[in-house]
Amino acid sequence: MKNKIFIFIFSISLLSCVKQEVDLIVLNSNTYTVNEFFDIAEAFAVKDGKFVAIGNNDEIQNRFKAKDTINAKEQAIVPGFIDAHCHFYRMGLQQQKVSLEGTKSYQEVLDRLVAFQKEKNVQFITGRGWDQNDWEIKEFPTKEKLDALFPKIPVAIGRVDGHALLVNQAAIDLSGITKNTKVSGGEIILKNGEITGVLIDAAMGFIKIPEPSKQEAIQGLLDAQKICFSYGLTTVDDAGLDRNTIELIEELHQQNSLKMRIYAMVSGDNQEQIDYYINKGIIKTDRLNVRSFKVYGDGALGSRGAAMRKPYSDRENHFGALIYPPERYQEIAKQIVASEYQMNTHAIGDSTNTWLLKIYKDVLKDEEDRRWRIEHAQIVSSKDFQDFNNIMPSVQPTHATSDMYWAQERIGKDRMRGAYAYRNLLNRYGKIALGTDFPVEQVNPFLTFFSATFRRDLEGYPEYGFQMENKLSREETLKGMTIWAAFSNFEEKEKGSIEVGKFADFIILDQDIMKIYGNEIPKTKVVATYLNGEKVY
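Remember, predicted model here, so these are calculated numbers, not experimental data.

Caption draft 1: Representation of the sheet that holds strand 24 (residues 526-531). Strands sit in the order 3-2-7-23-24-25 across an open sheet of six strands; the sheet is mixed. Only two strands of the sheet have a single partner each, and these edge strands are strand 3 (40-41) and strand 25 (534-535). Looking at chain direction, strand 23 (residues 506-509) and strand 24 are connected through four bridges and run antiparallel. When the bridges of strand 24 are listed, Ile507 appears paired with Thr529.

Below you can see the structure in the form of structure tokens.
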């Protein structure tokens, strides 16, 4: 009997010493879990694409053995970044077009177009990225020089914000527009009674730019994925996709050639698409979530398309405009509220924010946890902040540091008090989702982190930060780029923090953004990006 008891106890002790086999162990790290207590851990284990344990080195080593072990050498690890508002597909397609980002004059734009056409020899020149506010002469360009350089080749190049388009006469002739064409929700800018070539918002739709081929679309998605993984992005919220693109994303996910997790906001510009997806219901896989509509409320501040309650300070009697008639937003909201879908509306100007908040409040009534979002919430009247108590703000901190040089001239000192007011928005809702709006801004999430926390540009201007009363703390900013962004997508139970049971999406950094001197933050590099515990960069 004694021998049997001994054998039983010995067997139990052996079993207790057997280590569980996992796919990956990470040791000696400085891991910011971004859990409820914002705990920092030394080590964690991953199996079947999910975190199975988080703790210190001894705990993990004593419990697990792994096929692969990483010695992080005290490097910082954070959850995979989530960009809560971007244009992933558009940015990918842009890699095949002329890039005009960073141009310092109209002449530089023209030079790039000539060089691009000499190399590519395309039948229709497209591209984007110019910004007249970065030029010495801060005025919209006109098409005369384009006409001289490209008399027969259509040219259509977008402003950096995507809300203005410069076209030549060849493109105008193809479109059929004239100086007398009526536009609702936009503008054909005239000078001395003639078309200048600059089209604002809805007017851009008259230009028939050729659609990309399927192969070009695939390459665009794969190019965008490569860029995003290199910056530690593991989920992107693509703001405004059509059905064809969403179905192509599904196809590439199934083939496993596209691995990026995508929160797809269906473009609400098309009633057929709204009807189709509401009838189809939410589409949810580990990599794709289709459960929201992106609606445009107005244009952009840089092109004076944002709808304002009072005239622009730098253009007499000009208010900007809503993209659609006011009643159209009510129709869309009523249709969406009757479904399980989320409504995410672009709102830059204070008039647009006022109107959309009112509509949201009216249709939502007492419904809780619908997480309807105002995208950008860029200029908000003081009395309207209170209405964000049940509406989630989704903002892009680099917009503040890009616009700070000229924004006050455009809207005046009084309205600036409610502009880029991220602290006020966070205080009302309790969470804030952070993104970039790339390719309007750069993809780099470390610029987001720096802009949110220090509100300066890369040259250190302004010395004491831009409207620092609305800065975010480092902890709040990291949450906004991870767990709060996941929450905005109804995905906080599966991603956004390093916790047991969640997807093993994490990134290793070359320096600790939670501790380093502020000006060093933009220099941070991603050492490695892991999705489902698999190294993808």
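Caption draft 2: Local environment of the confidence of the model for the protein. On average, residues of the protein carry a pLDDT of 95, and 97% of them reach 70 or more. A low-confidence stretch, residues 1-15 (pLDDT under 50), is modelled with zero contacts involving residues beyond four sequence positions or located in other chains.

Caption draft 3: Geometry of the pairing of strand 21 (residues 392-395). By the alternation rule, side chains of strand 21 split into Met392 and Ser394 and Pro393 and Val395, which are all buried. The pairing of strand 20 (residues 373-376) with strand 21 spans three bridges and is classified as parallel. Its bridge partner being in strand 21, Glu375 is matched across the sheet by Ser394. Relative to strand 22 (residues 433-434), strand 21 is paired through two bridges, and the arrangement is parallel. For Val395, the partnering residue across the bridge sits in strand 22 and is Leu434.

Caption draft 4: Spatial organisation of the environment of Arg112. Counting through the fold element by element, Arg112 comes out in helix 4 (residues 106-120). Residue classification places Arg112 among the partly exposed residues on the basis of a relative accessible area of 26%. As for Arg112 and Leu100, which are separated by 12 residues in sequence, their C-alpha atoms are 7.3 Å apart. In contact with Arg112, not counting residues within four places along its chain, are Val98, Ser99, Leu100, Glu101, Gly102 and Thr103. One polar contact links the side chain of Arg112 to the main-chain carbonyl oxygen of Glu101, over a distance of 3.0 Å.

Caption draft 5: A look at the packing of aromatic side chains. Applying the stated criterion to the full structure yields 16 aromatic pairs. Pairing Phe44 with Phe51 gives two aromatic rings, centres 5.4 Å apart and planes at 85 degrees, and the pair type is edge-to-face. We classify Phe44 as buried; its relative accessible area is 0%. Between Trp130 and Phe140, the aromatic rings sit 6.1 Å apart at their centres with planes inclined by 80 degrees, giving edge-to-face as the arrangement. Linking Trp130 in strand 10 (residues 125-130) with Phe140 in the loop between strand 10 and helix 5 (144-149), this pair joins segments that are 10 residues apart in sequence. On the basis of relative accessible area, Trp130 is assigned to the buried category, the value being 1%. Of the aromatic side chains, those joined through ring pairs into one cluster are Phe44, Phe51, Phe506 and Tyr530. Against the face of Tyr276 rests Arg243, its NZ or CZ located 3.7 Å from the ring centre. The cationic tip of Lys294 hangs over the ring face of Tyr296; the distance from NZ or CZ to the ring centre is 4.0 Å.

Caption draft 6: Quick look at the sheet that holds strand 11 (residues 155-159). Strand order in the open sheet formed by six strands is 9-10-11-12-14-13, and the pairing between neighbours is mixed. At either end of the open sheet lies a strand with only one pairing partner, and these are strand 9 (98-99) and strand 13 (186-191). Here strand 13 pairs with strand 14 (residues 194-201) via five bridges, running antiparallel. Residue pairing in the sheet places Lys191 in a bridge with Glu194 of strand 14.

Caption draft 7: Quick look at the pairing of strand 4 (residues 43-47). Taken across its five residues, strand 4 has four buried, putting it largely inside the fold. Note that strand 1 (residues 20-27) and strand 4 share three bridges and pair antiparallel. Note that in strand 4 the partner of Leu24 across the bridge is Val46. Of the pairings in the sheet, the one linking strand 4 to strand 5 (residues 50-55) comprises five bridges and is antiparallel in character. By the bridge assignment, Lys47 is partnered in strand 5 with Lys50. Remark: two residues form the turn of the hairpin made by strand 4 and strand 5, two consecutive strands paired antiparallel; Asp48 in that turn has positive phi of roughly 55 degrees.

Caption draft 8: Representation of helix 10 (residues 326-337) in the model. An ideal rise of 1.5 Å per residue puts 16 Å on 12 residues; helix 10 measures up with 17 Å between its terminal C-alpha atoms. When helix 10 is considered as a whole, its buried residues turn out to be Arg328, Tyr329, Ile332, Ala333, Ile336 and Val337. Each buried residue of helix 10 lies within a common arc of 160 degrees when the element is viewed along its axis, so the set occupies one face. Each element contacted by the buried residues of helix 10 is listed here: helix 9 (271-280), strand 18 (288-296), strand 19 (342-347) and helix 11 (350-364).

Caption draft 9: Main features of the side chain of Asn470. On the secondary structure map, Asn470 appears in the loop between helix 16 (445-454) and helix 17 (474-480). Judged by its relative accessible area of 2%, Asn470 is buried. A polar atom in the side chain of Asn470 sits 3.0 Å from the backbone nitrogen of Asn424. Contacts of Asn470, omitting those with residues within four sequence positions, involve Tyr420, Ala421, Tyr422, Arg423, Asn424 and Arg455.

Caption draft 10: Just the side chain of His318, in detail. On the secondary structure map, His318 appears in the loop between strand 18 and helix 10. The buried category is assigned to His318, whose relative accessible area is 14%. Residue contacts for His318: discarding those within four places in its chain leaves Glu187, Arg304, Pro311 and Tyr312.

Caption draft 11: Local environment of the pattern of salt bridges. Enumeration over the complete set of coordinates arrives at 29 salt bridges. Measuring nitrogen to oxygen at the nearest pair gives 3.8 Å for the salt bridge that ties Glu119 to Lys120. Since its relative accessible area comes to 63%, Glu119 is described here as exposed. Across the pair Glu492 and Arg371 runs a salt bridge, and its minimum N-O distance is 2.9 Å. Here the residue Glu492 occupies a position in the loop between helix 18 (483-488) and strand 23, and Arg371 occupies one in the loop between helix 11 and strand 20, the gap between them amounting to 121 residues. One salt-bridge network, in which partners are shared between bridges, spans Asp131, Arg159 and Asp161.

Caption draft 12: How the structure looks around the packing of helix 10 against helix 11. Relative to each other, helix 10 and helix 11 sit at 35 degrees, their axes nearing to 10 Å. In this structure, helix 10 crosses over helix 11, and the sense of that crossing is right-handed. Residues Pro326, Tyr329, Gln330, Ala333, Lys334 and Val337 of helix 10 pack against Trp355, Ile359, Val363 and Leu364 of helix 11. When the residues that make up the contact of helix 10 with helix 11 are grouped by side-chain class, the tally is eight nonpolar, one polar and one charged.

Criteria and cut-off values
Throughout, a residue's number is its position along its own chain's written sequence, starting from 1. It should be noted that, the model being predicted, local features are given only for residues of pLDDT at least 70 and side-chain atom pairs only at 80 or more, the latter also being counted only at that level, while totals for whole chains, interfaces and linings use all residues. Side-chain metrics rest on all non-hydrogen atoms present in the structure, leaving aside hydrogens and water. One bridge is not enough; two strands pair if DSSP finds at least two bridges between them. Strands are runs of DSSP state E lasting at least two residues, helices are runs of H or I lasting at least four, and both sets are numbered from the N terminus onward. Every residue gets a pLDDT, meaning the predictor's confidence in that residue, from 0 to 100. Here, residues are in contact when the closest pair of their heavy atoms is within 4.5 Å. Here's how the labels work: a residue is buried when its accessible area is under 20% of the maximum for its type, exposed when over 50%, partly exposed in between, all with a 1.4 Å probe on protein chains only. A 3.5 Å cut-off defines polar contacts: any pair of N or O atoms within that distance qualifies, except that in protein one atom must be a possible hydrogen donor and the other a possible acceptor, and neighbouring residues in sequence count only when both atoms are side-chain atoms. Only rings of Phe, Tyr and Trp enter the pairing, Trp through its six-membered ring, and a pair is recorded when the two centres are within 6.5 Å. The plane angle decides the type: under 30 degrees is stacked, over 60 is edge-to-face, the rest tilted. In this analysis the charged atom, NZ for Lys or CZ for Arg, is taken to sit over a ring once it is within 6 Å of the ring centre and within 35 degrees of the ring normal. A helix is expected to span 1.5 Å multiplied by its residue count minus one. Throughout, the arc means the angular range of directions from the helix axis out to the C-beta atoms. Every case where a carboxyl oxygen of Asp or Glu lies within 4 Å of a side-chain nitrogen of Lys or Arg is listed as a salt bridge. Note on method: axes are straight lines fitted to C-alpha atoms, helices fitted across the in-contact stretch only, with angles between N-to-C directions ranging 0 to 180 degrees. The sense of a crossing depends on the near helix, which, turned anticlockwise from the far helix by less than a right angle, makes the crossing left-handed and, turned clockwise, makes it right-handed. Under the grouping applied here, Gly and all other residues not named as nonpolar or charged are polar, the nonpolar ones being Ala, Val, Leu, Ile, Met, Phe, Trp, Tyr, Cys and Pro and the charged ones Asp, Glu, Lys and Arg.

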